Amino acid sequence: MNYEPYLFNFSDNRLFYGFNSVSVDKTIPKLVVFTPVDGNEIYNLALVDIEDGRLTDQAVSNNQDMPIVLATVAAILEDFLAHHASATVIIEGNTPARTRLYRVAISVFLDDLNLPFEVFGKTENEQELFQRNKPYLRYLIKRKT
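Because the structure is predicted, anything quoted here is derived from the model rather than measured. (Residues numbered from 1 in each chain as written. Predicted model: local features only at pLDDT ≥ 70, side-chain atom pairs only at ≥ 80, totals over all residues. Heavy atoms only, no water.)

K.L.:
What should I look at first to understand the packing of aromatic side chains in this one?
P.N.:
By the definition in use, this model includes nine aromatic pairs. Residues tyrosine 17 and phenylalanine 34 carry aromatic rings whose centres are separated by 5.8 Å and whose planes lie at 75° to one another, so their mutual orientation is edge-to-face. Taken together, the residues tyrosine 17 in strand β2 (residues 16-22) and phenylalanine 34 in strand β3 (residues 27-38) connect sequence positions 17 residues apart. Accessibility classification places tyrosine 17 together with phenylalanine 34 in one group, the buried group. In textbook terms, an aromatic cluster arises when at least three aromatic residues are bridged by ring pairs, as seen for Phe8, Phe10, Tyr17, Phe34, Tyr43 and Phe80. (Phe/Tyr/Trp six-rings, centres within 6.5 Å; stacked < 30°, edge-to-face > 60°. Helix = DSSP H or I, 4+ residues; strand = E, 2+ residues; numbered from the N terminus. Buried < 20%, exposed > 50% of the residue type's maximum accessible area, 1.4 Å probe, protein only.)

K.L.:
Whenever I open this one, the layout of surface pockets confuses me. Can you help?
P.N.:
Of the voids in this model, the largest pocket is the one considered here, and its volume is about 530 Å³. Where the lining of the largest pocket is concerned, the elements lending two or more residues are β4 (42-51), α1 (66-83) and α2 (96-113). Sort the elements by how many residues they give to the lining of the largest pocket and α2 lands first, with four residues. Of the residues belonging to the lining of the largest pocket, the class tally is ten nonpolar, nine polar and five charged. Taken as a whole, the second largest pocket holds about 380 Å³ of empty space. Taken together, 23 residues make up the lining of the second largest pocket; nearest its centre are Leu45, Leu70, Val73, Ile91 and Tyr102. Of all the secondary-structure elements, those providing two or more residues to the lining of the second largest pocket are β4, α1, α2 and β7 (117-122). Looking at the lining of the second largest pocket element by element, the count peaks at six residues for α2. (1 Å grid on protein atoms, 1.4 Å probe; cavity = no way out; pocket = protein on both sides within 12 Å on 5 of 7 lines; lining within 4 Å. Points joined across faces, edges and corners; volume = space filled by probe spheres on them. Nonpolar A, V, L, I, M, F, W, Y, C, P; charged D, E, K, R; others polar.)

What follows is the structure, encoded as structure tokens:
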């Protein structure tokens, strides 16, 4: 399941990455935003659509290109961590369904892309090395050491 990511651009500090989701019917501008959570190199990753000049993480695009969008986010994450080597990135869906989608995507991309990431899952009570098919509240990703 190898998908070529969309081309993306980025801000000078590599906290904002933009790309377009493209289908036969429409093109949707998307933005990946890395927001610092605290002073310890922890960042929240948000994937948002740009609708009428506003950012939204509530949109359901249905642009029939989800694997390519996820491959693009993986490529962006790899670029971000290459430039912020000590960072930890938090990924959490805004709904249980999106959090589950991220779990499935992480499972697939860890195998297919052999990315240089360590992925941890956070439950109510603990944080552990990511395990497939185990529900987590959020995911923490950092460069392998």
